Amino acid sequence: MVNSLLLGFEVAAARLFHKRIPFFVQLVPTSRCNLNCRYCFGEFHEREGENFPRENLLRIIDELAELGTRFILLTGGEPMMYPHIADIVQRIGARKIELILGTNGLNVAKRIDELTSVDIFSISLDGPRKLHDYYRGAGSYDVAMEAVRAARDRGKRVQLQYTMTRDLVDSFEYVKKVAEEHKCFIGINILRPQRRAEGGVVNPDEASEKEIDDFLAYLIKTRPRVLPYPTSLLKRLRTWPYDYGRSVITTKSELRGYKPIPCSAGRFMVAIDNRGEMYPCAKWFYTHSLGNCADGDIKRAWRELPPVNCLACLDPGFNLLNDTLRFNPASLLGLLRRF
């Protein structure tokens, strides 16, 4: 709670004095992955190498701490594939930055003793074994559940990252049951057309517009306690002026009367891929980079980062974060209660 209050004062001061501070950073240490998910946009399973140089990444972590970073999300690819993941985790912990590890769960249980500095494990779970294995590969469900148990046995907070595929209510109810049993919370990822790392788009062609809308209505009606999103945020998603295949709005003329939550991308948050390319947030990965910090000089890169033009976002997690950064009481309570 003390850390949360401190962050609140820091955000308020940054707003008051018009400062840009990367409070929330998403880091991709490697683009490699050990799964081949049907809806993956990055073709990560086909890659070899493409790791962020260890010394440069350690320098970035040190400089992010000096810049005021309070949260780092390690993701990928699969971050557990990074050969120096233990060093990175340890350095983030030593710099007193809250660490969230986004993972498919593979290798987590067997290496849990190397991950003591992880504060939150965000482990992918799409539904029951049959559905999860269909999308992520045979045996991936058992490994994910093993990771959940290993993290909870050590008293770590766990988020089950639920991707909306098909049979949304039934699959979510299953994930909710797991969350309740293991005292976890749930994050939701709306499956939509994704930009490929090497160009083109993956259209997963999964849940229809009506299925997604009905699912959001179901969440609003049932208000699952394992979700950090307030009802007001879920209702806002249903007023999105486009189909759910479009995730961002960048110009006022495209708002069509929609009232967005002001976005902090590029001001209070940034995403950095394994090549050092910097983006406003993860939704912009593999588009036009705002800068590069592959040499480890994140202070220079942050200072030179151009303004970001993004007005509205469909992503529930980013909406929750942006709503919290503007001190909306409902979102603050939801986030603090889970994080």
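Attention here is on the structure that accompanies the text. Worth saying up front: this structure is predicted, and the values here are computed from it rather than measured.

**Some words on the environment of lysine 283**
Line of reasoning, step 1. Its place among the elements puts lysine 283 in the loop between strand S11 (277-279) and strand S12 (291-292).
Line of reasoning, step 2. With relative accessibility at 13%, the residue lysine 283 sits in the buried group.
Line of reasoning, step 3. Separated by 35 residues in sequence, lysine 283 and valine 248 place their C-alpha atoms 8.2 Å apart.

**So, helix H3 (residues 85-94)**
Line of reasoning, step 1. Among the residues of H3, those classed as buried are Ile85, Ile88, Val89 and Ile92. Angularly, the buried residues of H3 cover 100° about the axis, an arc narrow enough to put them on a single face.
Line of reasoning, step 2. Against the buried residues of H3 lie helix H2 (54-67), strand S2 (71-74) and strand S3 (98-103).
Line of reasoning, step 3. Phi turns positive, to about 60°, at lysine 96, one or two residues after H3.

**What to know about the packing of helix H5 (residues 140-153) against helix H6 (residues 168-182)**
Line of reasoning, step 1. Two elements in contact, H5 and H6, have axes separated by 11 Å at closest approach and are oriented at 25°. Comparing the axis directions of H5 and H6 gives the class roughly parallel. At the point where H5 passes H6, the crossing takes the right-handed sense. Facing Tyr141, Met145, Val148, Arg149 and Arg152 of H5, the residues of H6 in contact are Tyr174, Val178 and His182.
Line of reasoning, step 2. For the contact of H5 with H6, a count of residues per class yields five nonpolar, one polar and two charged.

**Re helix H4 (residues 129-136)**
Line of reasoning, step 1. Within H4, burial applies to Leu131, His132, Asp133, Tyr135 and Arg136.
Line of reasoning, step 2. Trailing H4 by a residue or two, glycine 137 shows a phi angle of about 115°, which is positive.

**Some thoughts on the pairing of strand S1 (residues 24-27)**
Line of reasoning, step 1. What you see with S1 is no split at all: Phe24 and Gln26 on one side and Val25 and Leu27 on the other are buried throughout.
Line of reasoning, step 2. Both S1 and S2 contribute to a ladder of four bridges, which runs parallel. Across the sheet, residue phenylalanine 24 finds its bridge partner in S2, namely phenylalanine 71.
Line of reasoning, step 3. Examined bridge by bridge, S1 and strand S10 (residues 269-272) share four bridges and lie parallel to one another. For glutamine 26, the partnering residue across the bridge sits in S10 and is alanine 271.

**Let's talk about the state of the cysteines**
Line of reasoning, step 1. Summed over the entire model, instances satisfying the criterion amount to zero disulfides.
Line of reasoning, step 2. For cysteine 263, which is in no disulfide, the shortest distance to another cysteine sulfur is to cysteine 310 and amounts to 4.8 Å.
Line of reasoning, step 3. No disulfide involves cysteine 313; its sulfur sits 5.9 Å from that of cysteine 281, the nearest cysteine.

**Focus: the pattern of salt bridges**
Close approach of charged atoms lets side chains of opposite charge pair.
Line of reasoning, step 1. This structure, assessed with the given rule, holds 23 salt bridges.
Line of reasoning, step 2. A salt bridge links arginine 91 to aspartate 62, with the shortest nitrogen-to-oxygen separation between them at 2.8 Å. With arginine 91 in helix H3 and aspartate 62 in helix H2, this pair connects stretches of sequence that are 29 residues apart.
Line of reasoning, step 3. For aspartate 62, a relative accessible area of 19% puts it in the buried group.
Line of reasoning, step 4. Here aspartate 126 and arginine 136 are joined by a salt bridge, their closest N and O atoms 3.0 Å apart. Here aspartate 126 is found in the loop between strand S4 (120-124) and H4, whereas its partner arginine 136 is found in helix H4, with ten residues between them in sequence.
Line of reasoning, step 5. With a relative accessible area of 0%, aspartate 126 lands in the buried category.
Line of reasoning, step 6. On the accessibility criterion, arginine 136 (8% relative accessible area) is buried.
Line of reasoning, step 7. Each of Arg59, Glu63, Asp295, Asp297, Arg300 and Glu304 takes part in salt bridges that share partners, so that together they form one network.

**Describing the side chain of aspartate 126**
Line of reasoning, step 1. Engagement of the side chain of aspartate 126 in a polar contact is seen with the side chain of arginine 136, the distance being 3.0 Å.
Line of reasoning, step 2. With sequence-adjacent residues up to four places away left out, aspartate 126 is seen in contact with Tyr39, Leu131, His132, Tyr135, Arg136, Gln161, Tyr162, Thr163, Ser171 and Val175.

**Describing the sheet that holds S11**
Line of reasoning, step 1. Reading across from one edge, S6-S5-S4-S3-S2-S1-S10-S11-S12 is the order of the nine strands in this open sheet, with mixed pairing throughout. The strands lining the two open edges of the sheet, one partner per strand, are strand S6 (185-189) and S12.
Line of reasoning, step 2. Here five bridges tie strand S5 (residues 157-163) to S6, and the two strands are oriented parallel to one another. Bridge pairing in S6 links glutamine 161 to glycine 187.
Line of reasoning, step 3. Against the sheet, H3 makes contact with S2 and S3, and its axis sits at roughly 170° relative to S2, the strand it touches most.

**Description of the environment of cysteine 33**
Line of reasoning, step 1. In this structure, cysteine 33 sits in the loop between S1 and H2.
Line of reasoning, step 2. Residue classification places cysteine 33 among the buried residues on the basis of a relative accessible area of 17%.
Line of reasoning, step 3. Residues cysteine 33 and glycine 77, 44 residues apart in the sequence, show an inter-C-alpha distance of 4.8 Å.

Conventions adopted
- Residues numbered from 1 in each chain as written.
- Predicted model: local features only at pLDDT ≥ 70, side-chain atom pairs only at ≥ 80, totals over all residues.
- Heavy atoms only, no water.
- Helix = DSSP H or I, 4+ residues; strand = E, 2+ residues; numbered from the N terminus.
- Buried < 20%, exposed > 50% of the residue type's maximum accessible area, 1.4 Å probe, protein only.
- Arc of directions from axis to C-beta.
- Contact = heavy atoms within 4.5 Å.
- Axes fitted to C-alpha atoms, helices over the stretch in contact; angles between N-to-C directions.
- Parallel < 35°, antiparallel > 145°, perpendicular 65-115°, else oblique.
- Left-handed = near helix turned anticlockwise from the far one by under 90°.
- Nonpolar A, V, L, I, M, F, W, Y, C, P; charged D, E, K, R; others polar.
- Pairing = 2+ DSSP bridges.
- Disulfide = S-S within 2.5 Å.
- Salt bridge = Lys/Arg side-chain N within 4 Å of Asp/Glu carboxyl O.
- Polar contact = N/O pair within 3.5 Å; in protein donor to acceptor, adjacent residues only side chain to side chain.

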